[in-house]
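# Architecture and fold: a report
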Amino acid sequence: MPVRPEDLASIYKTDPRDYQSNDLLRSCLDPVHFALWEQGLGKSKRAIDQAAYLFSRNLIDALLVLAPNGAHYNFVDNELPKHMGVPHKAHAFDNNKDTGEHKEHAAHLRMTLEHDPDQLTILTISYPALLKPSVVKVPDKGPDRDKAISGLLYDLCKNRRVMVVGDELATIKNPDGRQSIAARAVASMCRYRLGLEGVPVDQGPFDLYATMLFGDPQFWIRHGIGSYKAFQGKFGVWESNDIKLYKLDEQTGVQVIRQRWDKETHTHVDAFAQRLVAYRNIDLLKRIIEPYVSRLTKKSAGLNLPDKIYKYHPFKLTRAQQKVYDDFKRDGMVDLHDGSLVTSPSSLTKSLRLLQICSGYLPADEDRARLIEIDPGKNPRLDMLVEVVDQIREKGMIWAGFRPDRDKIIDALGKRVVCYRSGDSDDQKKGAIEAWRAGEYQFILGHVAGGLAKSWTLTEGCHGVYYSNRERHNPRKQSEDRMHRPGQWRSVNYHDLVSRGTDERNVIDNLIAKSDIAAEVLGDEKEVWLT
């Protein structure tokens, strides 16, 4: 029997927006569904309302929420009290306290999981907690590694009628990652599976592979695509380059050239790295996922939010910094003025070191904790930050990817900024945000890939300053939308500090390209972004 609007009206604690109720009417009873909605559109409420309806119809008696670390607390502390319209009892699993050593916490967990037909049992748990065998155990190898065999969540899903929500699924997009495998194993035991993600295409269309497996571990096999490698071949054009692939010989401990089987010569040959040239069959990919997905942007949802305004603030490195940058880019190593040698053992390390040079320092090879100022006493990037924030009168956020940068920003801005540190306690993190909201600080400072960029609504601010950027589309979009969401009544300004004479502008261009690819795959309208 289809769901009717009057059936849903009785379970709403807060009135839904039209797009939320319409999606619920269409897909509330679907065993597998993905709400790929931009940040700020109320994905959590959509999940809570579905669970409330299913409980009211006696179709489930438990809700399991898997989320990034920290976000699973937010679900219990903020989202459930605001939106849950049926009787319930909830527990946020604490990786450090849900043991026999913390009896009160463990007792609350047991009480929450006890079956009560009059209350919906709700457990929220972080993805990292899935790595504990006591939480869920899966085989290390073999065809059954997507199946749970024991653990807390195994018992819950085996003995109860469970709806599972996978929040921020891009967090577990590596299909062979242990967290991803464990999440799929748990989800496969649940009656209803709802995936939530605001930026489902981060690095490219290949990100969708693991996303869809959360709903069904056999999803791609059912569509004739047997493996991740086959998926990459179906939707990408690849060519070999001149870089040989190596592996560690377990017996000798020596790096040896990896071999592959050549179908034409029927012999083993040296394996070379493959380079992605282009994407293909994007229309086919869209057709495959369309029956299981609802995609909404703020614009398509009809939210007339204020504009996003992008501003580009170029600055020049000092002569000494520019020389170190050029030498390191060319050679992958450099001798600094104090005699220290800095090298780059990989291309990833090299790109990170180049970003650090643009901030005026490098860590020494022999002691990574020791930072060497390239041109002591001179930091053009920090000077540009001070110049930019001095022109801002409203509240805002500052994003910096490296801890030394955040330390320097705190020293430069003093009492104008409070830092949200990932290593702090939950009370300290909440305290930092509340102090910023109360006006004790003008700016809040955080890591663009950290918890501040994922778990909070921060519409009190209208300026986002990017001290530095990396080529990750998802963290950039997530961080932007902390302020640009319902409740924001002003235009939101985004400031990018970019050094001239370096590749930093290319990082911005790559972010734009990834945004365009995501728009093509998901059918979104392309954004005018930093042009």
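Refer to the structure printed above.
Here is what the cut-offs are and how they apply
Residues numbered from 1 in each chain as written. Predicted model: local features only at pLDDT ≥ 70, side-chain atom pairs only at ≥ 80, totals over all residues. Heavy atoms only, no water. Helix = DSSP H or I, 4+ residues; strand = E, 2+ residues; numbered from the N terminus. Buried < 20%, exposed > 50% of the residue type's maximum accessible area, 1.4 Å probe, protein only. Contact = heavy atoms within 4.5 Å. Areas by Shrake-Rupley, 256 points an atom, 1.4 Å probe, with all protein chains shown as cover. Axes fitted to C-alpha atoms, helices over the stretch in contact; angles between N-to-C directions. Parallel < 35°, antiparallel > 145°, perpendicular 65-115°, else oblique. Left-handed = near helix turned anticlockwise from the far one by under 90°. Nonpolar A, V, L, I, M, F, W, Y, C, P; charged D, E, K, R; others polar. Pairing = 2+ DSSP bridges. Salt bridge = Lys/Arg side-chain N within 4 Å of Asp/Glu carboxyl O.

### A closer look at the overall build of the protein chain
The secondary structure content of the protein chain amounts to 18 helices and 23 strands. Put simply, the protein chain has 531 residues, and 53% of those count as buried. Summarising the internal contacts of the protein chain: among those between residues at least 6 apart in sequence, 72% fall at separations of at least 24. Of the roughly 25000 Å² of accessible surface on the protein chain, a fraction of 49% belongs to carbon and sulfur atoms.

### Concerning the packing of helix H2 (residues 18–27) against helix H3 (residues 43–56)
Taken N-terminus to C-terminus, the directions of H2 and H3 make an angle of 45°; their axes are 10 Å apart at the nearest point. Judged on the interaxial angle alone, H3 and H2 are oblique. For the crossing formed where H2 meets H3, the hand is right-handed. Contacts between H2 and H3 involve Gln-20, Asp-23, Leu-24 and Ser-27 on the former and, on the latter, Lys-45, Arg-46, Asp-49 and Gln-50.

### Considering the packing of helix H10 (residues 228–235) against helix H11 (residues 282–289)
When two helices pack together, their arrangement is given by the angle between the helix axes and by the axis-to-axis distance. Interaxial distance between H10 and H11 falls to 9 Å at its minimum, and their mutual angle equals 130°. Judged by the angle between their axes, H10 and H11 are oblique. Of the residues in H11, those in contact with Phe-231, Lys-234 and Phe-235 of H10 are Leu-284, Leu-285 and Ile-288. Of the residues in the contact of H10 with H11, the class split is five nonpolar, no polar and one charged.

### Quick notes on the pairing of strand S23 (residues 492–500)
Burial runs high along S23: eight of the nine residues are buried. Inspection of the sheet shows strand S14 (residues 308–316) paired to S23 by nine bridges, in the parallel sense. When the bridges of S23 are listed, Lys-308 appears paired with Val-492. Across four bridges, strand S22 (residues 463–466) lies against S23 in parallel orientation. Within S23, the position partnered with Tyr-466 by the bridge is Asp-496.

### Topic: the sheet that holds strand S2 (residues 62–67)
Within the open sheet, the seven strands sit side by side as S3-S4-S2-S5-S6-S1-S13. Their pairing is parallel. Each edge of the sheet is formed by a strand with only one pairing partner; in this case those strands are strand S3 (88–92) and strand S13 (293–296). Geometrically, the sheet is characterised by an average inter-axis angle of 15° between neighbouring strands, direction not taken into account. When S2 meets strand S5 (residues 162–166), the two strands line up parallel, connected through five bridges. Residue pairing for S5: Ala-62 is matched across the bridge by Val-162. Running at roughly 160° to strand S1 (residues 32–37), H2 makes contact with S1 and S13 of the sheet. Of the strands in this sheet, S2, S3 and strand S4 (120–126) are in contact with helix H4 (residues 71–83), which crosses S3 at around 150°.

### Re the pattern of salt bridges
What the rule picks out here adds up to 27 salt bridges. Across the pair Asp-216 and Arg-222 runs a salt bridge, and its minimum N-O distance is 2.7 Å. Owing to a relative accessible area of 15%, Asp-216 belongs among the buried residues under this scheme. You can call Arg-222 exposed: its relative accessible area is 60%. In this structure, Asp-481 and Lys-298 form a salt bridge, with 2.9 Å as the shortest nitrogen-oxygen distance.

### Some details on the sheet that holds S23
Ordered by their spatial adjacency, six strands build an open sheet running S14-S23-S22-S19-S21-S20, and the pairing between neighbours is parallel. In this open sheet, the two edge strands, each paired with only one partner strand, are S14 and strand S20 (417–419). On average, each strand axis in the sheet is tilted by 20° relative to the strand beside it, whichever way the strands run. Alignment of strand S19 (residues 396–399) against S22, held across four bridges, turns out to be parallel. Note that in S22 the partner of Ile-398 across the bridge is Val-465. Each of S19, S20 and strand S21 (443–446) is contacted by helix H16 (residues 426–437), which is oriented at about 150° to S21, the strand it contacts most.

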